[in-house]
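# An overview of the molecular structure
The primary structure of each chain is shown beneath.
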Amino acid sequence: VVIAGNHIGTGETFLLPAFIKRPLTFAAKKELFQGTTLWRRFARRLLLAIHQVPIDRAGGSASAGALRSVETVLAEGGVVGFFPEGKRSPDGRLYKGHTGFARLALDQGAVVVPVGCIHTDFRQGWLPWPWCYKPELHFGEPIRFPDQVRQAYLAAPTREESGAILRQVTDDVMRAIQAITGQEYVDEYARRQKPPPK
């Protein structure tokens, strides 16, 4: 099973594993595992404890090792989680999804479960430190891609043709997430956007 959710705050990283009974493995950006401060060392231990795998977001061969780790989890019947947007939304809107999770889902014949995350950002409130206030996780209907879609992907003679199938599958999942959250959709990658000036 592949869990695919929107990414508006840090809270999803901890809430999703907490509310799913089966072990959930995430592919998380490698920067979260780096650093020597006390907080960084604590965060690294916590992330590894909840089955997160560091991944280089540069893509290509740099990401291949971590993706192989999650691919193994799927091949063994496990559950992996992805935030297709690749990074947190800078303004609360839903951004274009990367296709990595779709490739793994089609390669392994996995079911994709869309998840809508609401109020999962840490913000200052009545507590003396930032906190997630009234977070919500909404799980959509599992998406089972037809055999013909998977076979067309596996048999695609060119990279362009397989890429077109991955894009269609990814966009279908992003639409399912949008239907849950009601977010405005932006047909651009989140990393290319900057937060609006305060």
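Anything mentioned here points back to the structure above.
Please read these numbers as outputs of a predicted model, since none were measured by experiment.

### Points about the overall build of the chain
- Scanning the chain from N- to C-terminus turns up six helices and eight strands.
- Going from the N terminus to the C terminus, the chain shows its helices and strands as β-α-β-α-β-α-β-β-α-β-β-α-α-β.
- For the chain, long-range pairs separated by at least 24 residues make up 71% of all intrachain contacts whose partners lie at least 6 apart in sequence.
- Accessible area of the chain: about 11300 Å², with a carbon and sulfur share of 55%.

### Looking at unusual backbone geometry
- The backbone phi angle of H119 is positive, close to 60°, even though this residue is not glycine.
- Inspection of the secondary structure assignment puts H119 in the loop between β6 (112-118) and β7 (136-139).
- For H119, a relative accessible area of 35% gives the class partly exposed.

### Focus: the packing of aromatic side chains
- In the structure shown here, the tally under the stated rule is one aromatic pair.
- Ring geometry for F26 against F83: centres 5.3 Å apart, planes inclined by 20°, an arrangement best described as stacked. Taken as a pair, F26 in strand β2 (residues 24-29) and F83 in the loop between β4 (79-82) and β5 (94-95) lie far apart in primary sequence, 57 residues in all.

### A word on the packing of helix α5 (residues 147-154) against helix α6 (residues 159-181)
- Relative orientation of the contacting elements α5 and α6 amounts to 145°, with a least axis distance of 8 Å. In this structure, α5 crosses over α6, and the sense of that crossing is left-handed. Residues V149, A152 and Y153 of α5 form the contact with α6, whose own contacting residues are S162, I165, L166 and V169.
- Along the lines of polarity and charge, the residues of the contact of α5 with α6 split into six nonpolar, one polar and no charged.

### What about the packing of helix α4 (residues 100-108) against α6?
- Taken N-terminus to C-terminus, the directions of α4 and α6 make an angle of 105°; their axes are 9 Å apart at the nearest point. As the angle between them shows, α4 and α6 are arranged roughly perpendicular. Of the residues in α6, those in contact with F101, A102, R103 and L106 of α4 are I165, L166, V169, T170 and V173.

### A few points about α6
- The first and last C-alpha atoms of α6 sit 32 Å apart over 23 residues, in line with the 33 Å expected at 1.5 Å per residue.
- Within α6 the residues assigned to the buried category are S162, I165, L166, R167, V169, T170, D171, V173, M174, I177 and T181.
- Structurally, α6 contributes buried residues whose contacts are with β1 (2-5), β5, α4, β6, α5 and β8 (185-186).

### Structural notes on a nonpolar patch on the surface
- A contiguous nonpolar patch, built from F14, F42, L46, F122, W129 and W131 and spanning about 590 Å² of accessible area, is present on the exposed surface.
- Secondary-structure assignment places F42 in helix α2 (residues 38-49).
- Under the relative-accessibility criterion, F42 is labelled partly exposed at 46%.

### A look at the pattern of salt bridges
- Taken as a whole and judged by the stated rule, the model has five salt bridges.
- In this structure, the salt-bridge partner of D91 is R93, at a minimum N-O distance of 3.0 Å.
- By relative accessible area, which is 32% here, D91 ends up partly exposed.
- Owing to a relative accessible area of 26%, R93 belongs among the partly exposed residues under this scheme.
- The partner of D171 in a salt bridge is R167, with the nearest N and O atoms 2.9 Å apart. Here the residue D171 and the residue R167 both occupy positions in helix α6, the gap between them amounting to four residues, near one helical turn.

Parameters and conventions
Residues numbered from 1 in each chain as written. Predicted model: local features only at pLDDT ≥ 70, side-chain atom pairs only at ≥ 80, totals over all residues. Heavy atoms only, no water. Helix = DSSP H or I, 4+ residues; strand = E, 2+ residues; numbered from the N terminus. Contact = heavy atoms within 4.5 Å. Areas by Shrake-Rupley, 256 points an atom, 1.4 Å probe, with all protein chains shown as cover. Buried < 20%, exposed > 50% of the residue type's maximum accessible area, 1.4 Å probe, protein only. Phe/Tyr/Trp six-rings, centres within 6.5 Å; stacked < 30°, edge-to-face > 60°. Axes fitted to C-alpha atoms, helices over the stretch in contact; angles between N-to-C directions. Left-handed = near helix turned anticlockwise from the far one by under 90°. Nonpolar A, V, L, I, M, F, W, Y, C, P; charged D, E, K, R; others polar. Parallel < 35°, antiparallel > 145°, perpendicular 65-115°, else oblique. Expected span 1.5 Å × (residues − 1). Patch = residues over 30% accessible without salt bridge, like charges linked within 9 Å, V, L, I, M, F, W, Y side chains within 5 Å. Salt bridge = Lys/Arg side-chain N within 4 Å of Asp/Glu carboxyl O.

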